[in-house]
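Residues per chain, in single letters:
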Amino acid sequence: MGIDFIIENMHGYGERLAVVTGGKEYTYADLLCEYEKAVAFLSEMQIPQNSVVALRGEFSPNTIGMMLALVALGAVYVPIATAVKSPEEYIRIAEVQYYIDGGRVTHTKNEMPSHPILRQLVAQKEPGLVLFSSGTTGEPKAAVHSLVPLLEKYRKGGKAFRSVAFLLFDHIGGFNTVMYSLAAGGMLATVRSRTPEEIAALIQKYRLELLPTSPSFINMLLFSRIHEKYDLSSLKIISYGTEPMPLATLQAIHAVLPDVRLKQTYGLSEVGIIRTKSEADDSLWLKVGGDDEHQIKIVDGILYIKSKMSMLGYLNAPSPFDADGWMNTRDRVEQKGEYIRILGRESELINVGGEKVFPEEVENVLLQVPGVQDAVASGEKNPILGTIVTCRIAVAEGTDTAALRKAIQKHCLENLEKFKRPVKITFETHTFNSERFKRKR
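From a predicted model like this one, the values you see are computed outputs, not experimental measurements. (Residues numbered from 1 in each chain as written. Predicted model: local features only at pLDDT ≥ 70, side-chain atom pairs only at ≥ 80, totals over all residues. Heavy atoms only, no water.)

(A) Structural detail: the packing of aromatic side chains. This model, assessed by the stated rule, comprises four aromatic pairs. Between Phe59 and Phe169 the ring centres are 5.1 Å apart and the planes differ by 70 degrees, which places this aromatic pair in the edge-to-face class. Note that Phe59 is positioned in the loop between strand E3 (52-57) and helix H3 (61-72) and Phe169 in the loop between strand E9 (162-165) and helix H7 (172-184), a separation of 110 residues in sequence. Lying over the aromatic face of Phe5, Arg155 brings its terminal NZ or CZ to 4.2 Å of the ring centre. Over the face of the ring belonging to Tyr304 we find Lys297, whose NZ or CZ atom lies 5.7 Å from the ring centre. (Phe/Tyr/Trp six-rings, centres within 6.5 Å; stacked < 30°, edge-to-face > 60°. Helix = DSSP H or I, 4+ residues; strand = E, 2+ residues; numbered from the N terminus. Lys NZ or Arg CZ within 6 Å of the ring centre and 35° of its normal.)

As structure tokens, this is what we get:
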């Protein structure tokens, strides 16, 4: 059911190292044993073909084997990361019939799914994938894919990198990293706490080549100065996405690791991972799509995408696609020939007296000030001015915040228009990352 060619590839890789987890090494032969055990387990638990099955965990030989077994069973696969605090909400929305957590199976009260999209997958006997949005407010939206077109992209193969499985278990980027690696015969190092120390130690020990991550985590790497403690010379590529990258952060990591290719990625749960090409390692300009699988267009400064890998729809929200299959990403962009630069989400714009302010632009200027470890800009209602720009600054303990405040004000005076300058500045001693390593505003 779409996964056969990956299993066949894995048989061919045999004793090649496939996964490193918790200090233990697993070959492809070992990983195939995990897959076969998972197939037997699903049979023993009498989980029918084409059921809606949720699997909670993080990437490991066990969960990867189970993921492959579920796809082979034709299941509608619902990954749930351990970071999710309320899996019950995901189970309800996705109409999950079987929930697997730590080797235990719970048969929910759900019988035949009622949603037309789920019933369509079951009727066509196609494996599916349900991915939830990671929004901070409201009910998470559940995007449903047929796995048949999504898996086809891995049939082309690719280079066998030694990679960090950094992105989360239920993230489209995490799924992409693992499936690409398995299809190509690469090696994956799984992670637990995702601290700069843990990631750097893994890179040094296993001579890892590819780190798929987020700008927020790159910022953490920089300010921990972990590159001075560990040998990161094996790294060939750092790919970054999930949120806009501050130019100051990009230029800083390029200066620290000048021989590493810095590749900006772009993907959405609704349309999958899209092919990109960065203009340069220290540039935020990139080409997006332009292949047989994805098309893009810019309408009034907003990026639209049309994809052969588009989801079938949401389980709990209206379709975001128009009649011709185009999706409004709500990302505002600038254009320069074939290249675009992503400015940020329309929903995060700060309207100051009719003027538009992108938080990312303000944050980029703030991050240029020595002593600023992280920065988050946002809008705040003001009875006199309507809306003002505020910022939260992460600093090291013991920082002279009075002197730093003056330095920030001076730098903003020189580098930002008046309406973009922060009116209110507060200092904190922690960075502003969510559990998914995205900046929390």
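(B) Inspection of the environment of Glu360 at higher detail. Within the element layout of this structure, Glu360 appears in helix H11 (residues 359-366). On the basis of relative accessibility, which here comes to 11%, the residue Glu360 falls in the buried class. Between the alpha carbons of Glu360 and Leu349 there is a distance of 9.5 Å; along the sequence they are eleven residues apart. (Buried < 20%, exposed > 50% of the residue type's maximum accessible area, 1.4 Å probe, protein only.)

(C) Geometry of the pattern of salt bridges. Applying the stated criterion to the full structure yields 18 salt bridges. Salt-bridge contacts for Glu58 lead to Arg194; the nearest nitrogen and oxygen are separated by 3.5 Å. Within this pair, whereas Glu58 is found in the loop between E3 and H3, its partner Arg194 is found in the loop between strand E10 (187-190) and helix H8 (196-206), the two being separated by 136 residues in sequence. Judged by its relative accessible area of 19%, Glu58 is buried. Relative accessible area serves as the criterion here: at 6%, Arg194 is assigned to the buried category. Of the charged contacts in the structure, one is a salt bridge between Glu361 and Lys420, with a shortest N-O distance of 2.8 Å. Of this pair, Glu361 sits in helix H11 while Lys420 is found in the loop between helix H12 (401-415) and strand E27 (424-428), placing the two residues 59 residues apart along the sequence. Looking at Glu361, the relative accessible area reads 34%, which means it is partly exposed. Judged by its relative accessible area of 8%, Lys420 is buried. Here the salt bridges share partners, and the residues they tie into one network are Glu361, Glu417 and Lys420. (Salt bridge = Lys/Arg side-chain N within 4 Å of Asp/Glu carboxyl O.)

(D) Inspection of the pairing of strand E22 (residues 339-345) at higher detail. Of all the seven residues making up E22, five are buried; the element is thus mostly covered by neighbouring parts of the structure. As paired strands, strand E21 (residues 327-336) and E22 are joined by six bridges and run antiparallel to one another. Bridge pairing in E22 places Arg332 opposite Gly344. If you look at the hairpin formed by E21 and E22, you'll find two residues sitting between the two strands, and Gly337 has a positive phi there, around 60 degrees. (Pairing = 2+ DSSP bridges.)

(E) Expanded view of the sheet that holds E27. An order of E25-E26-E27 is seen for the three strands of this open sheet, with the pairing classed as mixed. With partners counted over all chains shown, the strands left at the sheet margins are strand E25 (374-382) and E27, one partner each. Neighbour to neighbour, the strand axes of the sheet diverge by 25 degrees on average, direction disregarded. Looking at chain direction, strand E26 (residues 386-394) and E27 are connected through five bridges and run parallel. (Axes fitted to C-alpha atoms, helices over the stretch in contact; angles between N-to-C directions.)

(F) A look at the nonpolar core. Residues Ile6, Leu42, Ile64, Leu68, Leu151 and Met179 are the most contacted members of the largest nonpolar core, which totals 49 residues. Once residues within four sequence positions are removed from consideration, Met179 is found in contact with Ile3, Ile6, Met67, Leu68, Leu151 and Tyr154. (Core = buried A, V, L, I, M, F, W, Y, C linked by side-chain atoms within 4.5 Å. Contact = heavy atoms within 4.5 Å.)

(G) Quick peek at helix H9 (residues 215-224). Burial runs high along H9: eight of the ten residues are buried. Listed as buried for H9 are Pro215, Ser216, Phe217, Ile218, Asn219, Met220, Leu221 and Leu222. Elements in contact with the buried residues of H9: H8, strand E11 (210-213), strand E12 (237-240), helix H10 (247-256) and E25. Positive backbone phi, at 55 degrees, marks Arg225, one or two positions downstream of H9.

(H) How the structure looks around H8. When we look at burial in H8, the residues that qualify are Pro196, Glu198, Ile199, Ala200, Leu202, Ile203 and Tyr206. For H8, the elements touching its buried residues are strand E1 (17-21), strand E2 (24-27), E9, E10, E11 and H9. Just downstream of H8, Arg207 is the residue with a positive phi angle, here 50 degrees.

Geometry only, nothing functional implied.
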